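Here are the chains, one letter per residue:
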Amino acid sequence: MSRFTMKSAVPIRQIVVGLVSVTLLLTALISCGFMLPQKSSTTTKGATLLLSIAGNTSKTLLPAIDMNIASYDVSGTGPSGQTFSQSTTQTSDEITGLVAGVWNVTVAALNASGQNIGMGSSSVTLSSTDPVSLAITVTPIQGNGTVSLTTTWPASEVQVPSLSASLLPAAGTAIPVSYTMSSGTATATNSTVPSGYYTLSQTLLDNGVLVAGAVEVVRVVAGQTTSGTFDFSNLNMVDPTIGVDITPAMNDPLTVTISGASASLTVGGTMTVSAGVTGYTGNVTYVFYLNGQAKANGTTASPSWTFGSDLAAGNYRLDVTAFSADGLRAGSATSTFTVVSPVPLSASGSAQYPIGVWMQDPLRTRNGQINAVNYKNIGINTFFGLWQWPDESSKYPGYDLPAAQALQANGMKVYAGDNQAAVDWNNANPQFASTFIGYLLGDEPDMNKVSGDATLAAASMPDAWQAAGDALRAADPTRAIYANFGKGFALDPWGGYHVNPGPTEADDFAKYVEPTSVISSDYYAVTDPYEALNQHGIWGYGRAVTNTLKYAGTRPVYGFVEASAPFTQGQVANNLAGTMPPSMIMPAVWEMVVHGASGIIYFCHDFSNGGQVEDGCLADAGMPDAMSAADASVQAYADVLMSASIAGTTATSDGSVPVVTLTKQWGGATYVFAMADGNSSYPSGQAVNSTITVAGAGSGTVTVLTDGRTLTMTNGQFTDHFNAYELHIYRF
């Protein structure tokens, strides 16, 4: 398929709960009369009850109900069935004409709509003219409330999802939460949850592996609904992590703080965090959680926890919950951080590893800025192809110069143009000599020669292709010539390749490569809808590099990976996804690097749903961040990766997949990049143990840069464990 076509997480939650607490102080005076209760002046004969209502000092909003107290209904029953009923909006009132004896008094708090939002009751004996005080506390109506939860995640990234959760009260047994699962969404509703505070903990697993987790303090009120939505947008498929944010939508939970947390931590490092509450002086119990797992607790005023030395690179969420000793107040806070691999200690940062994007318009705008800037911001430094460059008929008169200026201003290198017109443009614009470093001879001739398009097929025949490349090189011998090949190279031997009568496949490929300076091949090993299912997986990107290296000679070979939806079919039975999941970008990029790629090219065009968006990768949720993270992780080792490779390193495997290695020497140290691979029998990879042997390395200590460990090497050998498609970078 030709690509000369134009193309384009913190979990979110809200919890609404409420509670009202009002204190009523009633003072009773008695006189000697036995008149029926009635509202009258203070001169009426009989007992008099003076009512004093303290101000409402602790209230907040309840879900879907006004919790502001507008009035109080005060009622009582006394001897011989005597009763009184009184409404008031004031802080004091009086009730006269009461008979002596025992009176049971009830106070109901009402909002402006007349809804009962709190109750309290007590008894008093009126037996003399001496004042009698009666204290009544109005509290929320007891009973069951409803908890309604919705949790979402990217369905394409979680193959076998399972979600577990529970509501843990301050004292007592946890209440399990049962979810109804669907694609990328789970919902749960429980209408029999007793009112009070709870710790809601959730964990999302993929085939039994933790990929996300979160903890939230919620409050339940009788007869009302507490709703929450959790969006697990950012998943760690290898090192499960999740970053979230909590903002309780209530007035009176505990305000919890976390101090000492940093935004990033180097592998092997530690941080000490402390928890506290503001505006509360009572005893508090704290619990620290990491990715939804309880790790430490404390009851001091400001408990602390030191951690981090055993954390692998990835994204993490730290939660702290706090409950008052009586369980009536609670709160939570969170902090997210990233554990990063250290940059090589002696890296100078002078080298720039080539990371490119295929066939883009640098002047196209997205998010208010041109794509030359957008791509630079995620680590792209090379444009491979400019549509019909320098034929402005495909754009508009005067396009070429501002496009070149935008590329130059953002430090981009460019391979573009395949004919004499491109040579003439470069000769006429020498100010861009350091920007336009090469030509793009063409795309997928090994597939186009049987495409059915007679013109395209003729130009893609090995002899015609070679002649065109030789002519371009003769016209401008100062610039490189880049070409991309397809499945003929990437899947060699590929059953779809048709050789001409006489020459062999190797003969054809030698002619394709001969005019070039830099080459690549593409096989979209996640999204391709045509090859068999067992030909898909991260391992396919490394295979494409290895197969292309067989024909490259001394030429650099770049790896090609889709960062979008390159086919209109979407998800079908024999591919892994219709759109590349962001979580697969990092392992796919390193798979190509460890297999020997000298650069990386992203294909960003989106052809899903029959459309075409040139810069689709910039519009896909999570993809720009995934590309940026992968680019930065490779660029951190640019000086090392661009040094000469060292032969002689071998790796064993106790499983059914190999461990592939790349060895470099730079800055007085030896680096071994090692990765557990996959194959057609294990396309999802496999966890294995491996013994790595480095020729001539001797004995000593090996530092594992990706997670801060150290290993012992004896006579050039050391042993390590790899999870599926896990990368380890060793230095000694």
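Criteria and thresholds
Residues numbered from 1 in each chain as written. Predicted model: local features only at pLDDT ≥ 70, side-chain atom pairs only at ≥ 80, totals over all residues. Heavy atoms only, no water. Helix = DSSP H or I, 4+ residues; strand = E, 2+ residues; numbered from the N terminus. Pairing = 2+ DSSP bridges. Axes fitted to C-alpha atoms, helices over the stretch in contact; angles between N-to-C directions. Contact = heavy atoms within 4.5 Å. Core = buried A, V, L, I, M, F, W, Y, C linked by side-chain atoms within 4.5 Å. Buried < 20%, exposed > 50% of the residue type's maximum accessible area, 1.4 Å probe, protein only. Disulfide = S-S within 2.5 Å.

Examined against the element boundaries, Glu157 turns out to sit in the loop between β10 (144-152) and β11 (161-169). Note: C-alpha distance between Glu157 and Ala577 (420 residues apart in sequence) is 9.1 Å.

Taken in spatial order, the 5 strands make up an open sheet running β37-β38-β43-β40-β41, and their pairing is antiparallel. The outermost strands of the open sheet, each flanked by one partner alone, are β37 (659-666) and β41 (709-713). Adjacent strand axes in the sheet meet at a mean angle of 25° when their direction is disregarded. Across 8 bridges, β37 lies against strand β38 (residues 669-676) in antiparallel orientation. When the sheet's bridge partners are listed, Gln665 is paired in β38 with Thr670. Against the sheet, helix α10 (residues 585-594) touches β37, β38 and β43 (727-731), its axis set at about 125° to β38.

Turning our eyes to something else, we now look at unusual backbone geometry. Going from Trp389 to Pro390, the amide bond is cis rather than trans, its omega being -5°. Position of Pro390 relative to the elements: it lies in the loop between β29 (382-384) and α2 (400-409). With omega at -5°, the peptide bond leading from Asp492 into Pro493 counts as cis. Considering the arrangement of structural elements, one finds Pro493 in the loop between α7 (487-490) and α8 (505-513). Even without being a glycine, Ser80 presents a positive backbone phi close to 55°. As for its position among the elements, Ser80 is in the loop between β4 (71-77) and β5 (83-88). Although it is not a glycine, Glu444 adopts a positive phi angle of roughly 55°. Among the secondary structure elements, Glu444 is positioned in the loop between β31 (436-443) and α4 (445-448).

What follows covers the nonpolar core. Counting 84 residues, the largest nonpolar core has Tyr375, Phe436, Trp590, Tyr602 and Phe673 as its most contacted members. Of all the elements, α10 adds the most residues to this core, at 7 residues. Within the second largest apolar cluster, 24 residues are counted, among which are Val147, Tyr179, Ala186 and Phe230.

What follows deals with the state of the cysteines. Within the structure shown, the criterion is met by 1 disulfide. Two residues, Cys604 and Cys617, share a disulfide whose sulfurs are 2.2 Å apart. Because the torsion about its S-S bond is 85°, the bridge between Cys604 and Cys617 counts as right-handed. One end of the pair, Cys604, is in the loop between β35 (599-603) and α11 (616-619); the other, Cys617, is in helix α11, and 13 residues separate them in sequence.

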